[in-house]
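# Inside the fold
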Amino acid sequence: MLDSRTVSLMLESQFGHSSGGGVKITFLGDSGVGKTNLISRYTGGGFDCDSSPTIGLDCVTRELETQLVEGGPMTKINVSLWDTAGQERFRSITRQLFQGTLAFVLVYDLTSEKSFASLDYWLQILRENCESKSFEVLVLGNKLDMAAKRKVDEQRGKEFARNGNFVFAEVSAKTGAGVSESVQALVASILKSKGQQIQAEILRMPEREKLRRGLPKFEVTVEKHTEPPAPAKSRCC
């Protein structure tokens with residue numbers, strides 16, 4: 001089982017010495033709801049029907065080029081999607097991943113009543129263990145391609161999201177329906193509210209780290225105002 005030291009090393013290997021200058025999104029939900037395939041769909045990896053449950057945690061990064069602030073330069077940022085294990089024996093390590101997370105994606109399987117009921121547990125975990133209270137939440141009902149076997153009505157998913165002021169969508173990792181649109185809308189919302197913060201984090205990075213990530217150099221110009229010379233005093237004759 002992964003311990004806190006292993007998790008810390010994994011986080012550092014992914015982000016170096018800082019998780020700043022990017023967008024971190026953490027996926028939460030029971031094992032088997034499709035978190036791994038949803039992330040794979042968004043990052044262009046397709047769907048794997050033989051995908052095995054995530055052991056501990058995994059991370060996939062997608063690079064985006066965008067304007068962090070209106071009128072600013074185009075900037076490359078990393079959108080890191082953290083895939084957490086939903087099995088009971090691994091749930092404790094997910095609490096160490098919340099630092100730096102700007103958004104959470106709560107996933108359930110619309111053919112599984114149990115996975116939908118577990119959303120309350122995952123919501124409680126993130127609220128109790130996330131230091132920042134400024135984060136966004138997207139609720140995804142996955143496996144829309146199996147709607148004929150639906151156990152969770154769409155209205156119940158909408159009501160859960162509405163009660164928490166979250167965004168909601170039903171998607172299919174298998175067909176790709178709604179996946180990219182939902183996650184991309186979430187990223188756009190994060191950048192709209194956190195763009196200046198992310199740019200400030202980039203400004204504080206060492207130049208070596210900026211070069212490693214291929215980030216542009218932000219130059220801050222300070223205008224110096226000089227006082228005009230005082231008029232020469234006339235000499236009395």
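First, a word on what this report is: a plain description of the structure on this page. What you see is a predicted model, and the numbers here were worked out from it, not measured in a lab.

### Brief notes about the overall build of the protein chain
- Within the protein chain, the regular secondary structure consists of seven helices and six strands.
- Here the protein chain holds 237 residues, and the buried ones make up 44% of them.
- Here the protein chain has roughly 13,500 Å² of accessible surface; of this, 49% comes from carbon and sulfur atoms.

### Notes on the pairing of strand β6 (residues 167–170)
- Across four bridges, the pairing between strand β5 (residues 136–142) and β6 is parallel. Its bridge partner being in β6, V139 is matched across the sheet by F168.
- Each parallel crossover has a hand, and the one from β5 via helix α5 (residues 154–164) to β6 is right-handed.

### Structural notes on the nonpolar core
- Membership of the largest hydrophobic core comes to 29 residues, with the highest contact counts inside it found for V23, I25, F27, L38, V105 and V187.
- Going through the elements one at a time, β1 (22–28), α2 (35–42), β3 (74–84), β4 (103–109), β5 and α6 (179–204) are the ones with two or more residues in this core.
- It is α6 that provides the largest number of residues to this core, a total of eight residues.
- When neighbours within four sequence positions are excluded, V105 is seen to be in contact with I25, T26, F27, L28, L138, L140 and L186.

### Structural notes on the pattern of salt bridges
- The tally for this structure, following the rule as stated, stands at five salt bridges.
- The partner of D109 in a salt bridge is K143, and the shortest N-O contact between them spans 3.1 Å. One end of the pair, D109, is in strand β4; the other, K143, is in the loop between β5 and α5, with 34 residues separating them in the sequence.
- Here K158 and E154 are joined by a salt bridge, their closest N and O atoms 3.8 Å apart. Of this pair, K158 and E154 are both found in helix α5, four residues apart, which corresponds to roughly one turn of the helix.
- On the accessibility criterion, K158 (35% relative accessible area) is partly exposed.
- Of the residues examined, E154 reaches a relative accessible area of 34% and is grouped as partly exposed.

### Observations regarding α5
- Buried residues of α5: G157, F160, A161 and G164, and no others. An end-on view of α5 places all buried positions within 95 degrees of arc, on one side of the element. For α5, the exposed residues set more than 90 degrees away from the buried face come down to R162 and N163.
- Each element contacted by the buried residues of α5 is listed here: β4, α3 (113–117), α4 (119–129), β5 and β6.

### Observations concerning the pairing of β3
- For β3, the buried fraction is high: eight of the 11 residues fall into the buried class.
- In this sheet, β3 lies alongside β1 in parallel orientation, the contact comprising six bridges. Bridged to F27 within β3 is D83.

### Some thoughts on the side chain of S115
- Inspection of the secondary structure assignment puts S115 in helix α3.
- Of note is the side chain of S115, whose polar atom sits 2.9 Å from the backbone oxygen of S112.
- S115 has contacts with D30, V33, Y108 and D109, leaving out every residue within four places of it along the chain.

### A closer look at the side chain of S182
- Within the element layout of this structure, S182 appears in helix α6.
- Residue classification places S182 among the buried positions, given a relative accessible area of 13%.
- Within the structure, S182 has its side chain in polar contact with the backbone oxygen of G178 (distance 2.7 Å).
- Leave out the neighbours within four places in its chain, and S182 touches L138, L140, A169 and V171.

### With respect to α2
- Extensive coverage of α2 is indicated by the burial of six of its eight residues.
- Residues of α2 that are buried include every one of K35, N37, L38, I39, S40 and Y42, and no others.
- Note on α2: the residue one or two positions beyond its end, G44, has a positive phi of about 90 degrees.

Cut-off values and rules
Counting starts from 1 at the beginning of each chain's written sequence and moves along it residue by residue. Confidence filtering applies because this is a predicted model: local features only for residues at pLDDT of at least 70, side-chain atom pairs given and counted only at 80 or more, and all residues used for totals across whole chains, interfaces and linings. Based on all heavy atoms of the structure, the side-chain values leave hydrogens and waters out of the count. Numbering of helices and strands runs from the N terminus, with a helix taken as a DSSP run of H or I at least four residues long and a strand as a DSSP run of E at least two residues long. Per-residue accessibility, obtained with a 1.4 Å probe over protein chains only, is compared with the maximum for each type, and a residue is labelled buried under 20%, exposed over 50%, and partly exposed between these values. Note on areas: Shrake-Rupley with a 1.4 Å probe; residue coverage comes only from the protein chains shown. What makes two strands pair is DSSP finding at least two bridges between them. Seen with its strands pointing away from the viewer, a crossover is right-handed when the path leading from the first strand over the helix to the second is clockwise. We define a nonpolar core as any set of buried Ala, Val, Leu, Ile, Met, Phe, Trp, Tyr and Cys residues linked to one another through side-chain atoms lying within 4.5 Å. Any two residues whose heavy atoms approach within 4.5 Å are treated as being in contact. Between Lys or Arg on one side and Asp or Glu on the other, a salt bridge is scored when a side-chain nitrogen of the former is within 4 Å of a carboxyl oxygen of the latter. Of all possible arcs, the one meant is that of the directions from the helix axis to the C-beta atoms. A 3.5 Å cut-off defines polar contacts: any pair of N or O atoms within that distance qualifies, except that in protein one atom must be a possible hydrogen donor and the other a possible acceptor, and neighbouring residues in sequence count only when both atoms are side-chain atoms.

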